[in-house]
Structure formats: C-alpha cells, structure tokens
Amino acid sequence: EITNKPINMVSAEDIVGVLEGRGWEAEIVEESKVPTLIKTSPHGLMKCVDGRPSDHPAMDGPKTLGGVYAIATNRGVTDLDGLKKIVEEVKNKGFVPSVHGDDHAHPAPMGCGFFKLWSQGKLEGIPPPKFDSEEGQTAVLEAGGVYEQLSGAHEEKVVYINLVPGTTFAPNGDDQAFVVDAWIAGKYNLDIPKYLVSAASTVEQLGGPLKAKLIIPSDPLTPEDVVGVLKGRGWEAEIVKESQVSALIATSSNGLMKCVDGRPSDHPAMDGPKSLGGVYAIATNRGVTDIDGLKKIVEEVKQSGSIPSCHGDEHAHPAPMGCGFFKLWSLGKLDGIPPPKFDSEEGKAAIIEAGGVYECLSGSHEEKVVYINFVPETTIAPNGDDQAFVVDAWITANYNLDVPKYLVAAASTVEQLKGPLKAKLIVPN
C-alpha cells in the first residue's frame, strides 16, 4: 500500500520556503499539469535521481538518492550487512533495488555523484560508509539487487520533487532532470527533512540547477467527474448505489481477472474482476509491449490474488483476435497507447506459459449497458440473456494504474466496438 501520510508533516509550501532560503527558485505544480508523470510499477528500478540515460529498460520505478543508498544514508547505515538488509527490505516492499555507476568513472560505480559525496563525508550529519563503491555494488548484487550504468554528461535543467504517491518520471536524455520521488520516504519511514536537505545539498555540490518544481496531487477523480466526461463524449451516464444493483457479487481469489466483454464464457470462474482484455488492461496502461513484460504482469496478478487471463471467441481467426480490446490495441487504435510487439496467439501462449488462463467466449455482442464499478472487491458475472460490459474500475488501485487513462481507454473501446453509449457508475452505499 502506498501512503503519503508522512509527507503531510512537511508541506510543499515548507519545502519551497527552505529551498528559496538556500537561493533556489521553486514552484508548486499539480500533477494534472505534468503530462510526463507516470505510474510506478513493481518491475521498475528503485534507482538514482540522476537524469542521465541508463542501460536498463525498467525506468518506471521510484527515483531516490543513489537508489538504495538513500535509505542507508537516512538511517545511518554504513556497513555491508546493513546495506544487504536494505536491499531485502526494498524487494519485500515491491520494488527492484539498485545502485549505479557511469561509463567514464574509475572505478565505474563512483559515477554515482551521491555515493561519491557520501563516501567523502560531504553530506552534513551523515556518517560516510565503511565500504567503497565496488564493495557496495557487489553487496547489492549479492543480495538480489541490480546495477545500472548511466552514460553521458549531466545536463539536468530542473529538479522535480515529487509528492504524488506511486508516480515518477522516466529519464529523458534529451531533456534531463533530477527526479526526487519524495513520497518514497513514507514507504520506508525516513526522516523527511533530512532526506530533502540531502537532496538539495547533493544538487548544489554537483553544480546542478537550483530550480525546483514540487509536484503535488490533484484532486482525485470522482464518479461525478466521470459522468461529466462521458456526457461530453455523447453518452448517457448515471450514478447508482451498490444496493440498487442486485447482480453485484463479491469477487473471489478463484475468479478470473477477465475481459469486460459481456458474452458467455467456457470457463466457470466468473467471480473475478473485469478489466480491459484481462491482463492486457495492465499492459496497455503501463506501456508494456513485450512478451517478457506481459509474463511479469501475469505473475503480479497471481501474487495479488486473482487468476490472470485473456480470451478469444469461437468465430475469430485466429481465435484470440476475438478480443476486441486486443484487436484495437494491436492496430494502434487506442490513443496514447503503443501497440504490442506480439500478436494475439503469441500473447495467449505467453499468458498460459506464465500460469494464466485462456477463455473462449461465444455468440455475438448484445451488451445493453456499461457498468463502471467503483465498489472494491465486487463485480458482475456475465449473463448471456442480459449482456453488459463490466468495467471494475476499483482494480486500478490494486495495480497502481492511471485512472483517467484507464477509463478513457474503456470508453474509446466501447465506442469503437459500436457498444452502447449508456453507463451506470456503481458507487459504495
């Protein structure tokens, strides 16, 4: 669970005041005005704030000072045993622990400017480590962490201090920025003022830009907001309480995380959450387009207590193209979502190989309504005699998905498949 509770102890306004007192420019910006902000995933590296390009592809993890060294410095951990325990802790909390070097330092792991300052005792109030950069790299790898190598020179133009839980920025070599995901402090019970002062001091000592943008959460999306957006797209939409929907049932861990498609299935386990294309919902939301990434999502869904799935139907050729959502995705018809690098049969094979399920649907689409369900751990089982698209929107919180992006993809899918432009938003009593 991601929490931003400790961040409230230090307000964005407080941070601006401290930075301006150190000679910085600083402003507060809402997340809705920052299009490059992305959701983190459990497959992304917990990596350094350094803005240079990396040789590792998993850039959707949280950015911290020196990667795992951020936690060590904040807690006063200076030995290798303590460092290895931190690596284990990071793994247990659902992130990929890492440290880095670069392509021109000697030795390479000293290419982390934060570690260099730490090792030289240049971070005020923080004792230096009792190990060097190569020993630290080895310990992190031995404990199951990752070492990445960065390239090029520092050209950061701004420092993002991000207070929006579960989000980050991916490094962009053409538009570099330091990214300090300050919300991570709440995950590891860190001393927030100490952490932010270390971040400021590091940027200052490395000759970085004394210009900060503090990203704060926008007001959460409400069912009323969703109704307004749908009506703006030409839909009918209304909000109903869960007690008014007799077909609503509790989900179970034996139910498929399956597609929103309302047609009858050959699989009996219909009490799982309904998502766009089953596991493809997560892939599209996160921009995962490769088979390895898809398999990792299947594992993640299993670990989260649902049965991952995809589907086809009895009249498509090949059968897995019977999933209209996958078809639109593969044809590049979902705005802002890159198409997969695999076809429907390769996707099906990968999901089954990773321990997921393939179901076959029958008949034609006769959905009369779209249920957008905000009641956690509930769903609606498909009914061949009274078909409906079922979008269990609460699932976005379980997988840290971008909610507006998810709901726009759902609306666009229904529209392109010529479904009913009529929605009922189910909210808790």
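This text goes with the structure placed above it.
Residues numbered from 1 in each chain as written. Predicted model: local features only at pLDDT ≥ 70, side-chain atom pairs only at ≥ 80, totals over all residues. Heavy atoms only, no water.

J.: Outline the sheet that holds strand β7 (residues 159-162), listing residues and values.
T.: One open sheet accounts for 4 strands, arranged β1-β10-β7-β9; its pairing is parallel. Of all strands in the sheet, those with a lone pairing partner are β1 (25-30) and β9 (178-181), marking the two edges. Neighbour-to-neighbour, the strand axes of the sheet open up by a mean angle of 20°, direction not taken into account. Of the strand pairs in this sheet, β7 and strand β10 (residues 211-216) are connected by 4 bridges, and their pairing is parallel. Note that in β10 the partner of Ile161 across the bridge is Leu214. (Pairing = 2+ DSSP bridges. Helix = DSSP H or I, 4+ residues; strand = E, 2+ residues; numbered from the N terminus. Axes fitted to C-alpha atoms, helices over the stretch in contact; angles between N-to-C directions.)

J.: With reference to specific residues and values, describe the pairing of strand β5 (residues 96-102).
T.: Counting buried positions along β5 gives 6 out of 7 residues, so the element sits mostly inside the fold. Pairing of strand β3 (residues 45-48) with β5, which is carried by 2 bridges, proceeds in the parallel orientation. Opposite Leu45, over in β5, you have Val96 as the bridge partner. Relative to strand β6 (residues 146-150), β5 is paired through 5 bridges, and the arrangement is parallel. If you follow Asp102 over to β6, its bridge partner there is Leu150. (Buried < 20%, exposed > 50% of the residue type's maximum accessible area, 1.4 Å probe, protein only.)

J.: Before we move on, could you go through empty space enclosed by the protein and cite the residues and values that matter?
T.: All told, the structure shown has 1 cavity of 30 Å³ or more when counted by the stated rule. Volume-wise, the largest cavity comes out at about 70 Å³. Together, Cys48, Val49, Asp50, Leu65, His100, Cys112, Gly113, Phe114, His154, Phe178, Thr202 and Leu206 line the largest cavity. Considered class by class, the residues forming the lining of the largest cavity number 7 nonpolar, 4 polar and 1 charged. (1 Å grid on protein atoms, 1.4 Å probe; cavity = no way out; pocket = protein on both sides within 12 Å on 5 of 7 lines; lining within 4 Å. Points joined across faces, edges and corners; volume = space filled by probe spheres on them. Nonpolar A, V, L, I, M, F, W, Y, C, P; charged D, E, K, R; others polar.)

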